[in-house]
Amino acid sequence: GINAEYGDMTTLNKPNPELVAEIYSTAGKSFSKLAELTARLHQLPESESGGKNRWSHDELQMLRDALQRFGDDVEKISEQLKTKTVAQVRDMIKSESMA
């Protein structure tokens, strides 16, 4: 029968759960790092971006007001600011601990 041809199925090597967990953990960290590096690769240096990454006093005040009005809805805040992307808004909130 099939057991005679392929051997007893219970004796097949079963994956080591700790090793599987380590593989997935390492892969996850690698993909996170890859995403971070890719994002940095696509950012323009400030001299080329016209200083768009800098926040003016007025923009920071508008951000504070928008945070009070919209909470942490970065999509709505970005729409309100118009000069900043969702990613820039999110980064500023994180970096300034504004949330």
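Colleague: Summarise the packing of helix 5 (residues 74-81) against helix 6 (residues 86-95); cite the residues concerned and give the values.
Modeller: It is the contact of helix 5 with helix 6, at a shortest axis distance of 9 Å, that shows an interaxial angle of 110°. Here helix 6 runs roughly perpendicular to helix 5, going by the angle between their axes. Contacts from Val-74, Glu-75, Ile-77, Ser-78 and Leu-81 in helix 5 reach Val-86, Val-89, Arg-90 and Ile-93 in helix 6. Among the residues forming the contact of helix 5 with helix 6, the class breakdown is 6 nonpolar, 1 polar and 2 charged.

Colleague: Account for the pattern of salt bridges, with residues named and values stated.
Modeller: Enumeration over the complete set of coordinates arrives at 1 salt bridge. In this structure, Lys-84 engages Glu-59 in a salt bridge whose closest nitrogen and oxygen atoms are separated by 3.7 Å. Separated by 25 residues along the polypeptide, Lys-84 in the loop between helix 5 and helix 6 and Glu-59 in helix 4 (residues 57-70) bring together distant segments of the chain. By the burial criterion, Lys-84 is buried, and Glu-59 matches it.

Colleague: Describe the side chain of Gln-88, and please don't skip the residues or the numbers.
Modeller: Here Gln-88 is to be found in helix 6. Of note is the side chain of Gln-88, whose polar atom sits 2.8 Å from the backbone nitrogen of Thr-85.

Colleague: Can you lay out the nonpolar core for me, pointing to particular residues and giving the numbers?
Modeller: Of all hydrophobic cores here, the largest spans 11 residues; its members are Trp-55, Leu-60, Leu-63, Ala-66, Leu-67, Val-74, Ile-77, Leu-81, Val-89, Met-92 and Ile-93. Secondary-structure elements contributing two or more residues to this core are helix 4, helix 5 and helix 6. Among the elements that make up this core, the one with the highest residue count is helix 4 (4 residues). When sequence neighbours within four positions are dropped, the list of residues in contact with Ala-66 reads Gly-71 and Ile-77.

Colleague: Hey, could you go over helix 2 (residues 17-42) for me, with residue numbers and the actual values?
Modeller: Taking 1.5 Å of rise per residue, the 26 residues of helix 2 would be expected to cover 38 Å, and the 38 Å separating its terminal C-alpha atoms lies within 8% of that figure. Here helix 2 starts with a cap whose side-chain oxygen sits 2.9 Å from the backbone nitrogen of Glu-18, and that cap is Asn-16.

Colleague: Describe in detail unusual backbone geometry, supporting the description with residues and values.
Modeller: One non-glycine residue, Lys-82, adopts positive backbone phi at about 65°. Within the secondary structure layout, Lys-82 lies in the loop between helix 5 and helix 6. A residue is classified by how much of its surface remains accessible, and Lys-82, at 69% relative accessible area, is exposed.

So, how was this worked out
Residues numbered from 1 in each chain as written. Predicted model: local features only at pLDDT ≥ 70, side-chain atom pairs only at ≥ 80, totals over all residues. Heavy atoms only, no water. Axes fitted to C-alpha atoms, helices over the stretch in contact; angles between N-to-C directions. Helix = DSSP H or I, 4+ residues; strand = E, 2+ residues; numbered from the N terminus. Parallel < 35°, antiparallel > 145°, perpendicular 65-115°, else oblique. Contact = heavy atoms within 4.5 Å. Nonpolar A, V, L, I, M, F, W, Y, C, P; charged D, E, K, R; others polar. Salt bridge = Lys/Arg side-chain N within 4 Å of Asp/Glu carboxyl O. Buried < 20%, exposed > 50% of the residue type's maximum accessible area, 1.4 Å probe, protein only. Polar contact = N/O pair within 3.5 Å; in protein donor to acceptor, adjacent residues only side chain to side chain. Core = buried A, V, L, I, M, F, W, Y, C linked by side-chain atoms within 4.5 Å. Expected span 1.5 Å × (residues − 1).

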